[in-house]
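# Chain and residue survey
Now for the letters of each chain:
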Amino acid sequence: VFKKIGKVFGGGSKAHEASWSVAGGAIHGEKGPGALETQTAYDDFLLQIDVRANGKDGKKHPLGSISVRGDAGQLGSGYQIAIENSVSTGSLAGLKPARRVLGTDNEFFTETVAARGRHFEIWVNGYPVTEFDDPRVEGTSPKKEARSTAGVIALAAPDEGSIDFSNIQAAALPK
């Protein structure tokens, strides 16, 4: 259901790609940036996923994300739902901060995302943390414009630390 993307150039001129594996029934990502993306594009959908950001020292939190309505094969092209515990988990990066940050490093939490048209709702462990209606003009790049057309869902690995994704469920909403 997911395919690997994300050869990018890091600190030098050598290509770098995140490391992905399956461990303990979860998809494990580290040494990013890099992402796994769905082979199906979604416009209006409901996504539920268990996430564990694995920090090492309790001070520096891994920064991962879930990207929705992105372009296939392009890192970070969709709406970015942040995963950075104690700072921004559940926020729509650059658009709407989370009301509450509920995730804890090294523990699984459940993130639920609902998207219909320009309306987004995000829950962490059953608590609503973000609600957003995108008022911008319709376009193709969620960094600059609203995007209600279908795109892939991508799971991003952090530069530092690691992240685990499990119990992934995505369903298109009826029109």
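As a reminder, the structure under discussion sits directly above these lines.
Below or above, wherever it landed, is the structure these notes cover. (Residues numbered from 1 in each chain as written. Predicted model: local features only at pLDDT ≥ 70, side-chain atom pairs only at ≥ 80, totals over all residues. Heavy atoms only, no water.)

### Structural notes on the sheet that holds strand E7 (residues 45-54)
On the basis of which strands lie adjacent, the open sheet formed by seven strands has the order E4-E5-E14-E7-E10-E11-E12 and antiparallel pairing. Of all the strands in the sheet, the pair left with one neighbour each is strand E4 (19-23) and strand E12 (127-133). Taking each pair of neighbouring strands and ignoring which way they run, the sheet shows an average axis angle of 25°. Two elements, E7 and strand E14 (residues 162-172), share nine bridges in a ladder whose sense is antiparallel. Bridge pairing links Gln48 to Gln169 in E14. (Pairing = 2+ DSSP bridges. Helix = DSSP H or I, 4+ residues; strand = E, 2+ residues; numbered from the N terminus. Axes fitted to C-alpha atoms, helices over the stretch in contact; angles between N-to-C directions.)

### Describing the environment of Pro158
Mapped onto the elements of the fold, Pro158 is located in the loop between strand E13 (152-157) and E14. Between the alpha carbons of Pro158 and Gly70 there is a distance of 18 Å; along the sequence they are 88 residues apart.

### Some details on the pairing of strand E5 (residues 26-30)
On a regular strand, each side chain points to the face opposite its neighbour's, so the side chains alternate between the two faces of the sheet. Among the five residues of E5, four are classified as buried, and the element is accordingly described as predominantly covered. With five bridges connecting them, E4 and E5 associate as antiparallel partners. Bridge pairing in E5 places Trp20 opposite Gly29. Linking E4 to E5, which pair antiparallel, is a turn of two residues; within it Gly24 sits at a positive phi near 60°. Pairing geometry for E5 and E14, over four bridges, is antiparallel. Considered in E14, the bridge of Ile27 is made with Phe165. (Buried < 20%, exposed > 50% of the residue type's maximum accessible area, 1.4 Å probe, protein only.)

### Section: the pairing of strand E8 (residues 64-70)
Summarising burial for E8: seven of the seven residues are buried, a large majority. Relative to strand E9 (residues 79-83), E8 runs antiparallel, the two being bridged by five bridges. Pairing of Ile66 across the sheet is with Ile81, part of E9. With four bridges connecting them, E8 and E13 associate as antiparallel partners. Note that in E13 the partner of Gly70 across the bridge is Val152.

### Brief notes about the pattern of salt bridges
Once the charged atoms of two side chains with opposite charge are near each other, the side chains can pair. One pass over the full model with this rule turns up nine salt bridges. One salt bridge connects Arg147 with Asp71, and the closest N-O pair in it is separated by 2.8 Å. Separated by 76 residues along the polypeptide, Arg147 in the loop between E12 and E13 and Asp71 in the loop between E8 and E9 bring together distant segments of the chain. The exposure class assigned to Asp71 is partly exposed, which follows from its relative accessible area of 25%. A salt bridge links Asp134 to Arg136; the nearest nitrogen and oxygen atoms lie 2.7 Å apart. For Arg136, a relative accessible area of 19% puts it in the buried group. Overlapping salt bridges, with partners in common, bring together Asp43, Asp44, Arg69, Arg116 and Lys175 in one network. (Salt bridge = Lys/Arg side-chain N within 4 Å of Asp/Glu carboxyl O.)

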